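The primary structure of each chain is shown beneath.
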Amino acid sequence: MLIKYYLMCKRVSMHSFVEKYRLIFGSNIDNFLQSLKLPKEKFFRLNLARNFNYLSEFEYLNIPFSRCDLFDNVYKLKESDKNIRLSDTISFFTGGIYIQNPSSLLPVKFLIENIDVDEPVILDMASAPGGKTTALSEFLDRRGLIVANEPSKSRLKDLNFNIEKNFAYNVATVSYDGRVLHKYLSEVFDAVLLDAPCSNENKIFHDNAVLNNWSETLVERLAKLQRELIESACFTLRKGGILIYSTCTFSIEENEQIVEYLLSEYDVELIDLNKGDFDYGLSGNSNIDKKVVRILPHSGRYPGFDGFFVAGFRKKGGGISNRNVKILNSGYGLRTPAEDSIIYEIKNDLYLSPKYQISGLKYEKFGTKLGKKIKNMVEYSSQACWEFGDKLIKKKLVIDDYEKAKKFVKGENLKLKDYDNKEGVLFFKDIPLGYFKIVDGRIKNKIDRYFLRGLK
Ligand SMILES: C[S@@+](CC[C@H](N)C(=O)[O-])C[C@H]1O[C@@H](n2cnc3c(N)ncnc32)[C@H](O)[C@@H]1O
């Protein structure tokens with residue numbers, strides 16, 4: 001009975017979805033549907049903030065890859081071989097790569113291209129699991145401050161985990177309903193990224209839940225939420241600041257109509273992100289359509305890219321922001337390993353953090369864990385060593401046994417080769433694996449157990 005009901009819902013959703021897009025794409029409807037059914041390609045982003053040769057792991061494993069159009073740091077696996085698990089690589093485990101479709105980097109690219117200050121204060125309004133937050137932090141080379149917001153507590157955990165692994169120390173996280181953020185922050189940010197919750201139509205043939213939940217009512221409900229979020233985003237933006245809006249869905253209600261709404265109600269202008277390089281918008285209003293960016297998978301313009309929408313706005317007016325931004329002083333005598341960051345201490349734990357802070361917010365996380373103080377020494381965290389290699393502690397041990405290296409990142413201790421020091425950073429070739437101590441002739445693994453949870 002239940003199964004019958006389930007299948008019926010699925011059929012109804014599918015029928016209304018197809019009929020809706022038949023009206024938009026006409027004779028191209030079959031190409032459109034076909035492109036949504038194609039197996040997803042595998043892409044990964046190299047961590048731009050680091051200088052380690054993570055690609056050497058893929059070469060070592062004989063995994064063929066090619067550089068992707070548009071992004072120098074994004075790679076595609078040549079054969080979508082189901083056996084290749086990017087998530088089972090050392091590079092993935094240590095935050096050297098992030099598995100991500102390049103479409104989802106477009107909002108970050110446009111934000112970076114249009115921002116007008118060097119050390120920006122940015123709000124990422126809907127940020128979990130952090131694909132764009134961590135990319136933004138890397139593209140900025142960790143400068144400025146990114147406030148990453150996520151209201152869902154379970155998704156906030158994933159966000160915090162990814163920030164820590166990526167070592168995005170210029171990020172602070174908060175957990176608010178984005179619709180009320182303007183009550184705390186008026187005209188503060190140089191840029192706001194709103195990667196909005198959406199109907200996710202791009203995954204309609206890949207995720208049963210997306211198909212089963214899909215309906216016109218859902219699209220309308222989400223469009224209402226998106227209007228409320230973008231209004232709040234606009235309030236938090238300083239004059240002259242930029243707002244980037246994106247979704248991974250096709251509906252005009254959740255995309256061009258949101259743009260139309262903001263333009264009609266607020267003092268903003270639309271930035272031409274498209275410049276003829278992407279598919280155009282679908283609203284029929286050329287003032288909007290030519291400036292926004294669509295990725296329509298059936299157009300074949302960017303093969304393998306997921307369906308996506310991006311629009312950019314500039315808030316009219318100039319002048320200085322209403323910044324309630326404090327510049328913090330390092331409360332600790334250590335020299336920070338990175339410019340524009342500070343170190344602070346809580347109960348012997350040391351954190352590397354942005355030097356800016358916005359007053360009036362309740363932070364869930366502020367910066368990343370640098371290490372802990374033990375007597376007068378500092379024991380650096382493995383995640384700090386993943387970011388800085390042996391820059392923090394100039395003692396390095398290199399192994400070239402891949403299986404051992406993998407065991408180490410999965411938490412095992414290793415037997416010792418010759419090594420004269422009591423501690424150091426272990427490397428596989430030139431990829432840092434983490435901090436270790438020598439105990440009873442063994443390399444004692446100091447990777448935080450936090451990273452090992454859920455790992456096989
Ligand atoms: C498309 S996802 C964000 C993906 C993320 N930007 C990334 O690149 O990894 C949308 C997010 O919005 C969050 N969200 C839902 N309702 C929200 C609200 N009222 N305010 C802020 N965020 C919300 C969801 O929990 C979800 O994590």
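For the structure, see preceding data.
Fair warning: this is a prediction, and the values are worked out from it, not measured in the lab.

**Things to note about the environment of His15**
Piece 1. Take His15: it is sitting in helix H1 (residues 2-25).
Piece 2. The spatial distance from the C-alpha of His15 to the C-alpha of Phe305 is 25 Å, given a sequence separation of 290 residues.

**Structural notes on the site of the ligand**
Piece 1. The full set close to the ligand counts 19 residues, and Lys132, Glu150, Arg155, Gly178 and Asp195 are the nearest of them.
Piece 2. One of the backbone nitrogen or oxygen atoms of Ala128 is found 3.3 Å away from an oxygen atom of the ligand.
Piece 3. Within the side chain of Glu150, an N or O atom sits 2.7 Å from an oxygen atom of the ligand.
Piece 4. Relative to its unbound accessible area of 600 Å², the ligand is 84% covered by the protein chains.

**Some thoughts on the sheet that holds strand S24 (residues 442-445)**
Piece 1. Strand order in this open sheet of five strands is S20-S22-S23-S24-S21, and the pairing throughout is mixed. Single-partner strands in this sheet number two, and they are strand S20 (396-399) and strand S21 (414-415).
Piece 2. Bridge count for S21 against S24 is two bridges, and the pairing is antiparallel. Looking across to S24, one finds that Leu414 is bridged to Ile443.
Piece 3. In this fold helix H14 (residues 402-409) packs onto S20, S21, strand S22 (423-428), strand S23 (431-439) and S24, with an angle of close to 75 degrees to the strand it touches most, S23.

**Overview of the packing of aromatic side chains**
Piece 1. Taken as a whole and judged by the stated rule, the model has 35 aromatic pairs.
Piece 2. Ring geometry for Phe17 versus Trp214: centroids 5.4 Å apart, planes at 90 degrees, classification edge-to-face. Placement of the pair is Phe17 in helix H1 and Trp214 in the loop between helix H9 (208-213) and helix H10 (216-236), with a sequence separation of 197 residues. In this structure, Phe17 and Trp214 share a single accessibility class: buried.

**Some points on helix H2 (residues 29-37)**
Piece 1. Those residues of H2 lying buried are Ile29, Phe32, Leu33, Ser35 and Leu36. Taken down its axis, H2 places every buried residue within 160 degrees of arc, on the same side.

**Thoughts on the pattern of salt bridges**
In a structure, side chains of opposite charge can pair up when their charged atoms sit close to one another.
Piece 1. Summed over the entire model, instances satisfying the criterion amount to 31 salt bridges.
Piece 2. Of the charged contacts in the structure, one is a salt bridge between Glu228 and Lys224, with a shortest N-O distance of 3.0 Å. Here the residue Glu228 and the residue Lys224 both occupy positions in helix H10, the gap between them amounting to four residues, near one helical turn.
Piece 3. Taking the relative accessible area as the measure of exposure, Lys224 reaches 46% and is therefore partly exposed.
Piece 4. Lys437 is paired through a salt bridge with Glu379; the nearest N and O atoms lie 3.0 Å apart. Placement of the pair is Lys437 in strand S23 and Glu379 in strand S19 (residues 377-380), with a sequence separation of 58 residues.
Piece 5. For Lys437, a relative accessible area of 27% puts it in the partly exposed group.
Piece 6. It is possible to trace a salt-bridge network through shared partners that takes in Asp177, Arg179, Lys224 and Glu228.

Procedures and definitions
Each chain carries its own residue numbering, running from 1 in the written order of its sequence. For this predicted model, a pLDDT threshold of at least 70 governs which residues receive local features, and a threshold of 80 or more governs which side-chain atom pairs are given and counted, while totals over whole chains, interfaces and linings are taken from all residues. To get the side-chain values, take all heavy atoms of the structure and skip hydrogens and water. Every helix listed is a DSSP run of H or I at least four residues long, and every strand listed is a run of E at least two residues long, numbered separately from the N terminus. Residue proximity to a molecule or strand is established when one non-hydrogen atom of the residue lies within 4 Å of it. By the criterion applied in these results, polar contacts are pairs of N or O atoms within 3.5 Å in which, for protein atoms, one can donate a hydrogen and the other can accept it, and in which residues neighboring in sequence qualify only through two side-chain atoms. To be clear on the numbers: accessible area is Shrake-Rupley with a 1.4 Å probe, and residue cover counts the displayed protein chains and nothing else. For two strands to be treated as a pair, DSSP must find no fewer than two bridges joining them. The criterion used for residue contact is that any of the two residues' heavy atoms lie within 4.5 Å. For helices, the fitted axis covers only the stretch in contact; all axes are lines through C-alpha atoms, and the angles between them, taken along N-to-C directions, range from 0 to 180 degrees. A pair of Phe, Tyr and Trp rings is counted when the ring centres sit within 6.5 Å of each other, with Trp represented by its six-membered ring. The angle between the planes then sorts it: under 30 degrees is stacked, over 60 is edge-to-face, the rest tilted. To sort residues, take the accessible area from a 1.4 Å probe on protein chains only and compare it with the maximum for the residue type: under 20% means buried, over 50% means exposed, and anything in between is partly exposed. The directions from the helix axis to the C-beta atoms form the arc being described. Salt bridges are counted wherever a side-chain nitrogen of Lys or Arg sits within 4 Å of a carboxyl oxygen of Asp or Glu.

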